[in-house]
Amino acid sequence: MAGIIFLGPPGSGKGTQAQILAQSLAIPHISTGEILREAITNQTELGKQAKAYVDGGELVPDELLLDLIRERLSQPDAQTSWILDGFPRNIAQAAFLDELVAELGQSCQWAIDLKVPQAVLIQRLLLRGRKDDTEETVRRRLEVYEEKTAPLIEYYQQRGKLHSIDGDRTPEEVAEALKVLVS
């Protein structure tokens, strides 16, 4: 087993599916979104900086995330296998992750892209009812995803690691497809 990266726009079910798969495989689920929300809630220095970006529907800058990822992948439970959810979000982060994984003597085997139509994403995000999920910020977050994160699809495809999964199904059906893929 090795590292698994979950790609896909906000609302695609990355967090839910990463958590289900991590439990199934008994490996750590590393969610940058959760790490950031915790930092914001605890009003850490990083959290205060990140809050301004999150509130505006923007991505948190790379430099605020890189040290968190390095620290987390260095922990004992992540030495052989892990699932990253919400990172990398752009080509620069992907290159950083490739270098970090090599430096730590680890490997990343799969980049899984959850495909969901935009209308479904907007509906899911608005129903989720998070404070930062107004229709305007939801649409902006999807635009930012397309601009900055979608190029990762090609990046991982060129490296033979990309696997696309239809995320517009029940959570159980998606989870089953993921289990089949990684087994």
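Residues numbered from 1 in each chain as written. Predicted model: local features only at pLDDT ≥ 70, side-chain atom pairs only at ≥ 80, totals over all residues. Heavy atoms only, no water.

Undergrad: Looking at this model, I keep getting lost on the pattern of salt bridges. Mind explaining?
TA: Side chains that differ in charge, positive against negative, can pair when their charged atoms come close. On inspection of all chains with the given rule, the structure shows 8 salt bridges. Measuring nitrogen to oxygen at the nearest pair gives 2.8 Å for the salt bridge that ties Asp77 to Arg72. Salt-bridge contacts for Arg140 lead to Glu147; the nearest nitrogen and oxygen are separated by 3.7 Å. Owing to a relative accessible area of 26%, Arg140 belongs among the partly exposed residues under this scheme. Via salt bridges that share partners, Glu58, Arg140, Glu143 and Glu147 belong to a single interconnected network. (Salt bridge = Lys/Arg side-chain N within 4 Å of Asp/Glu carboxyl O. Buried < 20%, exposed > 50% of the residue type's maximum accessible area, 1.4 Å probe, protein only.)

Undergrad: Any chance you could explain unusual backbone geometry here in plain terms?
TA: Where the residue is not glycine, phi is negative for most of them; where a peptide bond is considered, it is trans in most cases. That bond from Phe87 to Pro88 is cis: its omega, 0°, falls within 30 degrees of zero. Positive phi values are uncommon outside glycine, yet Ala26 reaches one of about 55°. With respect to the helices and strands, Ala26 occurs in the loop between helix H1 (14-25) and strand E2 (29-31). We classify Ala26 as exposed; its relative accessible area is 70%. In the Ramachandran plot, Gln43 falls in the positive-phi region, its phi being about 50° despite a non-glycine side chain. (Helix = DSSP H or I, 4+ residues; strand = E, 2+ residues; numbered from the N terminus.)

Undergrad: Hey, could you run me through helix H7 (residues 135-149) in this one?
TA: For an α-helix the count is 3.6 residues per turn, leaving residues at separations of three or four pointing the same way. For H7, with 15 residues, the first-to-last C-alpha span of 20 Å sits near the 21 Å given by 1.5 Å per residue. Within the span of H7, buried status applies to Thr137, Val138, Arg141, Leu142, Val144, Tyr145 and Thr149. Around the axis of H7, the buried residues are gathered within 160° of arc, so they sit on the same side. Those residues of H7 that are exposed and angled more than 90 degrees off the buried face are Glu136 and Glu146. (Expected span 1.5 Å × (residues − 1). Arc of directions from axis to C-beta.)

Undergrad: It is not clear to me how a negative patch on the surface should be interpreted in this structure. Could you clarify?
TA: Together, Asp166, Asp168, Glu172 and Glu173 give the surface a local cluster of negative charge. As for its position among the elements, Asp168 is in the loop between strand E5 (162-166) and helix H9 (171-182). Assessed through its relative accessible area of 36%, Asp168 is described here as partly exposed. (Patch = residues over 30% accessible without salt bridge, like charges linked within 9 Å, V, L, I, M, F, W, Y side chains within 5 Å. Areas by Shrake-Rupley, 256 points an atom, 1.4 Å probe, with all protein chains shown as cover. Lys, Arg positive; Asp, Glu negative; His and termini not counted. Charge placed at Lys NZ, Arg CZ, Asp CG, Glu CD.)

Undergrad: How should the packing of aromatic side chains be read in this particular structure?
TA: For any two aromatic rings, the description comes down to two numbers: the centre-to-centre distance and the angle of the planes. If you walk through the whole model with that rule in mind, you get 2 aromatic pairs. Arranged with centres 6.4 Å apart and planes meeting at 90°, the rings of Phe87 and Phe96 form a pair that is edge-to-face. For Phe96, a relative accessible area of 16% puts it in the buried group. When the centroid spacing of 5.0 Å and the interplanar angle of 85° are considered together, the rings of Tyr155 and Tyr156 count as edge-to-face. (Phe/Tyr/Trp six-rings, centres within 6.5 Å; stacked < 30°, edge-to-face > 60°.)

Undergrad: Just to check I follow, could you spell out the side chain of Thr137 for this structure?
TA: Relative to the helices and strands, Thr137 resides in helix H7. If near-sequence neighbours (up to four positions away) are discounted, Thr137 is found in contact with Asp55 and Asp132. (Contact = heavy atoms within 4.5 Å.)

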